[in-house]
Amino acid sequence: MDSKIFVNFVVRTDEAIRLECRRGSNLAVKEIFCVKEKFYFFYAMNRNKDTNTVSLREITAEEYAARKAELISCRPQADTREWTQDGNFYALKTFHFGTWKRNMPAQDCLFITEDNPVKELADSVVAEVAHRREAEETIDKEAKAEYARRCGGLAHRLGISFVNVLRIGPEKGKLLSFKNSYQRALIKAQALSLKEQRKLYDLLNNGRKARKEALDLLDVQFADADASLLDLSELIQNLWNNLSAYSEESVKQAIRNGSEMDYATRQEVFEKLSHNSRELKREALARLGVEVEVIEFKRYPIMRIRRSLAATLGIDVD
């Protein structure tokens, strides 16, 4: 949400001078104005296809006089009000006892006196908006606290993670649908092949879209909740336990299989495991009986297998 506070300035002026410069859709404005014959201000605006900047600054009487002389001197002739120069269209306008109207962010205003009416207007708007936002935040906090209390009660009664109740919402029907389908998913996941479990594990740990795909595969009903924010730790941990158990057992089996190979085959497998090529390493692991689509290749302890093969080949491995 945009935190800027906009002030709708409507200020009576003694004098105002505005210079506009246009070129196509680009517009630049410089404007000075005097209020109550003792407060002076400089306004600037630049707008093009990429940006739109504004600023309002209180200035001294001396700077006001200098900027007034500068703006008036821009005219080709003393009575010129509009002219074209170097492809730019200019307009110089002078106002006496008029009204200065602008809507702009309070943060783009700078004042040097405390009792000027322009600052008083800006301060009153900022104070009003700040008070309203504070009241809204208080109401919002109270509403969130009440929501959390309701979710906490349901989480306790239904035996569902508090986080999941927060994400799905305090609607008993949706929560029971999630609970039952999640329990079924836990059983279903355990019955899958290790290859399918690896796919699920990777999906569950790879962002919102992938996690939703995993839950859809398991037919988990999670209403309109954000899949990436659900607590699925039990499912993920179960998969991790199974995959980790296979990883450890596969290393032992690979070592046993390697020791039973003939010398030439062991040497060939060892060389592939020692190569920088991931594909050659995968090929070697497959020769040793490892299901390469099940393991997490980056973290798989290939070095343990290499050392074991090296020992049978009489090779010293650091």
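A brief structural summary. (Residues numbered from 1 in each chain as written. Predicted model: local features only at pLDDT ≥ 70, side-chain atom pairs only at ≥ 80, totals over all residues. Heavy atoms only, no water.)

Details of the overall build of the protein chain
No. 1: Regarding its fold elements, the protein chain presents 10 helices and 9 strands.
No. 2: For a compact globule of 318 residues, the expected C-alpha radius of gyration is about 20 Å, and the protein chain comes in at 37 Å, more than 25% above that figure.
No. 3: Judged by the C-alpha coordinates and their principal axes, the protein chain covers about 105 × 55 × 35 Å.
No. 4: A burial count over the protein chain gives 37% of its 318 residues as buried.
No. 5: Counting every atom, the protein chain has about 19000 Å² of accessible surface; 49% of that belongs to carbon and sulfur.
No. 6: Charge-centre separation for the protein chain: the mean point of 52 positive side chains lies 3 Å from the mean point of 49 negative side chains. (Helix = DSSP H or I, 4+ residues; strand = E, 2+ residues; numbered from the N terminus. Rg over C-alpha atoms; globule rule 2.2 N^0.38 Å. Buried < 20%, exposed > 50% of the residue type's maximum accessible area, 1.4 Å probe, protein only. Areas by Shrake-Rupley, 256 points an atom, 1.4 Å probe, with all protein chains shown as cover. Lys, Arg positive; Asp, Glu negative; His and termini not counted. Charge placed at Lys NZ, Arg CZ, Asp CG, Glu CD.)

Some remarks on unusual backbone geometry
No. 1: One non-glycine residue, Glu37, lies in the positive phi region at around 60°.
No. 2: By the element assignment, Glu37 lies in the loop between strand S3 (26–35) and strand S4 (39–47).
No. 3: A positive phi angle, close to 55°, is found at Ala223, a residue other than glycine.
No. 4: If you trace the backbone, Ala223 turns up in the loop between helix H6 (207–217) and helix H7 (233–259).

Considering the pairing of strand S6 (residues 82–85)
No. 1: Note: S6 against strand S7 (residues 88–96), 4 bridges, orientation antiparallel. Counted as the bridge partner of Gln85 is Asn88 from S7.
No. 2: In this structure, the hairpin formed by S6 and S7 is closed by a connection of 2 residues, where Asp86 is found at a positive phi of approximately 55°. (Pairing = 2+ DSSP bridges.)

Observations regarding the pattern of salt bridges
No. 1: Counted under the stated rule, the structure contains 22 salt bridges.
No. 2: Glu63 is the salt-bridge partner of Arg57, the closest N and O atoms lying 2.9 Å from each other.
No. 3: Its relative accessible area of 29% is what places Arg57 among the partly exposed residues.
No. 4: Of the charged contacts, one joins Arg198 and Asp202 as a salt bridge, the two residues approaching to 3.2 Å between their closest N and O atoms. Remark: Asp202 and Arg198 occur in helix H5 (residues 194–204); sequence separation between them is 4 residues, near one turn of the helix.
No. 5: Of the residues examined, Arg198 reaches a relative accessible area of 7% and is grouped as buried.
No. 6: Where salt bridges share partners, they join Arg18, Glu20, Arg22, Glu31 and Arg102 into one cluster. (Salt bridge = Lys/Arg side-chain N within 4 Å of Asp/Glu carboxyl O.)

Details of the packing of aromatic side chains
No. 1: Under the counting rule described, the total for this entry stands at 9 aromatic pairs.
No. 2: Taking 5.8 Å as the distance between ring centres and 50° as the angle between the ring planes, the aromatic pair formed by Phe9 and Trp100 counts as tilted. Separated by 91 residues along the polypeptide, Phe9 in strand S1 (residues 6–12) and Trp100 in strand S8 (residues 99–105) bring together distant segments of the chain. A single burial state applies to Phe9 and to Trp100, both of which are buried.
No. 3: An aromatic cluster is defined as three or more aromatic residues linked by ring pairs; in this entry it consists of Phe9, Phe33, Phe41, Tyr43, Trp100 and Phe111.
No. 4: In this arrangement the basic side chain of Arg282 is found over the ring face of Phe297, its NZ or CZ atom lying 4.7 Å from the centre. (Phe/Tyr/Trp six-rings, centres within 6.5 Å; stacked < 30°, edge-to-face > 60°. Lys NZ or Arg CZ within 6 Å of the ring centre and 35° of its normal.)

Topic: the sheet that holds S3
No. 1: Strand order across the open sheet formed by 7 strands is S6-S7-S2-S3-S4-S5-S9, with mixed pairing between neighbours. A strand with exactly one partner marks an edge of an open sheet, and here the two such strands are S6 and strand S9 (109–110).
No. 2: Where helix H1 (residues 61–72) meets the sheet, it contacts strand S2 (15–23), S3, S4, strand S5 (52–59) and S7, and its direction lies at approximately 135° from that of S3.
No. 3: The sheet strands contacting helix H2 (residues 117–158) are S3, S4 and S5, and the helix crosses S3 at an angle near 115°. (Contact = heavy atoms within 4.5 Å. Axes fitted to C-alpha atoms, helices over the stretch in contact; angles between N-to-C directions.)

Overview of the pairing of S1
No. 1: Burial along S1 is one-sided: Val7, Phe9 and Val11 are buried, and none of Phe6, Asn8, Val10 and Arg12, which face the opposite way, are.
No. 2: Summarising the sheet, S1 and S8 pair through 7 bridges and their orientation is antiparallel. Following the sheet pairing, Val10 is matched in S8 by Lys101.

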